[in-house]
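One letter stands for each residue in the lines below.
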Amino acid sequence: MEKIDGFEIYSNEKSKRIINIDINDEVLNKLIFPFNKFDITALEYKPFTRFTIAKSLDDLSDNNLSKFLNKIIRDRNTGCFIIKPKRLTPKIDEIFLVKLSTAIAHLLGIPNHDAMAGKYYARFHVKHEDKSDSYLRKAYTNMDLHTDGTYVKEKTDWLLMSKLEEKNVEGGETAMLHLDDWEHCDELYNDPVAKEDFVWGSPKSKNIDYKVEHPVFSSDKNGKVQISYIDQFPEPKNMKQGVFLQKLSDSLEESQNKVITKLPVGSSVVANNYFWLHGRKPFKENKDLSRELLRIRGSFFIN
């Protein structure tokens, strides 16, 4: 396993494909000053400031962290890491975590514009009561396995999700599945319907006024299977597409190889969006339930 001073690096106990990275106090304390140089508004309005704080983080690893993160996320055998402060202190508040998430994302590539939030990232709460039009905020409904960016024109190579806050929560574990561990991958990939173009739309809250068309499955330059799928947004053109999507959904949710993990506050899970699917287990009902998440998704830097 890689060794970087100030970072503890080890395999996740649920999957050797996922690499855990804990940031030690010494590194976190050294980030406070450069992070304080820019407020959140500056990061939102001036994109180059995001690269400045990313460089501050990378410099503390002698520029080894960026190389390591890119190696993990692009490697088909791994493709996912969970990075977090080893210890949460009062100085590591939600503002610090937004900046840390921003820095990590900008070591990987360029974030997409998140139309739902109108900026390069989105923050959203999951609470007891919900009137939204997507599964994203529905606490007591299983969020089935999916990838991001299915309904937008931008490339979505990777996804970062950070947990900023959590109160009165039971359940709500993160579910993930690597395509190479999915028992039914070959069967579904080789179904002729899998290569047909599907129409993908989105509900009003996403603020996308167009639809896109693409197949569920494709392959990378090495012939490995890739997927672009979410259960809520495809619009089947006919019976065979509808039946195929139901079979796909059932096969994903029934997989015995899903990785179910409970992420502590401050964690960021970052995954390759082509061969990792993610979802969320339902929460146990509680009228005081509250979880705030941050999402950044984007494309890799072009080498």
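The following refers to the structure shown.

The rules behind each value
Residues numbered from 1 in each chain as written. Predicted model: local features only at pLDDT ≥ 70, side-chain atom pairs only at ≥ 80, totals over all residues. Heavy atoms only, no water. Helix = DSSP H or I, 4+ residues; strand = E, 2+ residues; numbered from the N terminus. Buried < 20%, exposed > 50% of the residue type's maximum accessible area, 1.4 Å probe, protein only. Contact = heavy atoms within 4.5 Å. Phe/Tyr/Trp six-rings, centres within 6.5 Å; stacked < 30°, edge-to-face > 60°. Lys NZ or Arg CZ within 6 Å of the ring centre and 35° of its normal. Pairing = 2+ DSSP bridges. Axes fitted to C-alpha atoms, helices over the stretch in contact; angles between N-to-C directions. Core = buried A, V, L, I, M, F, W, Y, C linked by side-chain atoms within 4.5 Å. Polar contact = N/O pair within 3.5 Å; in protein donor to acceptor, adjacent residues only side chain to side chain. Parallel < 35°, antiparallel > 145°, perpendicular 65-115°, else oblique. Nonpolar A, V, L, I, M, F, W, Y, C, P; charged D, E, K, R; others polar. Salt bridge = Lys/Arg side-chain N within 4 Å of Asp/Glu carboxyl O.

### Regarding the side chain of Thr49
Phase 1 of the analysis: When you line up the elements, Thr49 lands in helix H3 (residues 47-59).
Phase 2 of the analysis: Looking at Thr49, the relative accessible area reads 1%, which means it is buried.
Phase 3 of the analysis: In this structure Thr49 touches Phe38, Ala42 and Leu43, once residues within four positions along its chain are discounted.

### A short note on the packing of aromatic side chains
Phase 1 of the analysis: Across all of its chains, the model carries eight aromatic pairs by this definition.
Phase 2 of the analysis: Ring geometry for Tyr151 against Phe233: centres 5.1 Å apart, planes inclined by 85°, an arrangement best described as edge-to-face. Of the two residues, Tyr151 is situated in the loop between strand S6 (143-146) and strand S7 (158-167) and Phe233 in the loop between strand S12 (225-227) and strand S13 (234-235); the sequence distance between them amounts to 82 residues.
Phase 3 of the analysis: Judged by its relative accessible area of 5%, Tyr151 falls in the buried class.
Phase 4 of the analysis: Between Tyr189 and Phe217, the ring centres sit 5.9 Å apart and the planes meet at 90°, which makes this aromatic pair edge-to-face. Note that Tyr189 is positioned in helix H6 (residues 185-189) and Phe217 in strand S11 (residues 217-219), a separation of 28 residues in sequence. Taken as a pair, Tyr189 and Phe217 share a single burial class, namely buried.
Phase 5 of the analysis: An aromatic cluster of at least three residues, connected via ring pairs, comprises Trp182, Tyr189 and Phe217.
Phase 6 of the analysis: The ring of Phe300 has Arg74 sitting right over it, with the charged end atom 4.3 Å from the ring centre.

### Re the sheet that holds strand S14 (residues 259-261)
Phase 1 of the analysis: On the basis of which strands lie adjacent, the open sheet formed by four strands has the order S6-S16-S8-S14 and antiparallel pairing. One side of each edge strand has no neighbouring strand; the edge strands of this open sheet are S6 and S14. Strand-to-strand, the axes of this sheet are offset by a mean angle of 15°, without reference to chain direction.
Phase 2 of the analysis: Direction of pairing for strand S8 (residues 174-178) relative to strand S16 (residues 276-280): antiparallel, over a ladder of five bridges. Looking across to S16, one finds that Ala175 is bridged to Gly279.

### A word on the nonpolar core
Phase 1 of the analysis: Counting 43 residues, the largest nonpolar core has Phe7, Ile21, Leu57, Phe81 and Ile104 as the members making the most contacts within it.
Phase 2 of the analysis: Element by element, the count of residues in this core is highest for helix H5 (residues 94-105), at seven residues.
Phase 3 of the analysis: Aside from chain neighbours lying at most four places away, what touches Ile21 is Phe7, Glu8, Ile9, Phe68, Leu69, Ile72, Phe81, Ile82, Ile83 and Lys84.
Phase 4 of the analysis: Of all hydrophobic cores here, the second largest spans 38 residues; its members include Ile18, Ala194, Ile230 and Val259.

### So, the side chain of Asn273
Phase 1 of the analysis: Here Asn273 shows up in the loop between strand S15 (268-272) and S16.
Phase 2 of the analysis: A distance of 2.7 Å separates the side chain of Asn273 from the backbone oxygen of Asp148, its partner in a polar contact.
Phase 3 of the analysis: Sequence-distant contacts of Asn273, defined by excluding residues within four places in its chain, comprise Thr147, Asp148, Thr156, Asp157, Trp158 and Ile227.

### So, the packing of H3 against H5
Phase 1 of the analysis: Orientation of H3 relative to H5, taken along the N-to-C sense of each, is 85°, at an axis distance of 8 Å. On the basis of their axis angle, the class for H3 and H5 is roughly perpendicular. Residues Arg50, Ile53, Ala54 and Leu57 of H3 lie in contact with H5, whose contacting residues are Lys99, Leu100, Thr102, Ala103 and Ile104.
Phase 2 of the analysis: In the contact of H3 with H5, the residues fall into six nonpolar, one polar and two charged.

### Points about the pattern of salt bridges
If the charged atoms of two oppositely charged side chains come close together, the side chains can form a pair.
Phase 1 of the analysis: Per the stated rule, a full pass over the model turns up 24 salt bridges.
Phase 2 of the analysis: Lys119 is the salt-bridge partner of Glu44, the closest N and O atoms lying 3.2 Å from each other. Of this pair, Glu44 sits in helix H2 (residues 40-45) while Lys119 sits in the loop between strand S4 (109-111) and strand S5 (122-127), and the two are 75 residues apart along the sequence.
Phase 3 of the analysis: The class for Glu44 is partly exposed, based on a relative accessible area of 22%.
Phase 4 of the analysis: Accessibility expressed as a relative area gives 27% for Lys119, which makes it partly exposed.
Phase 5 of the analysis: One connected set of salt bridges, linked through shared partners, spans Asp114, Asp148, Arg295 and Arg297.

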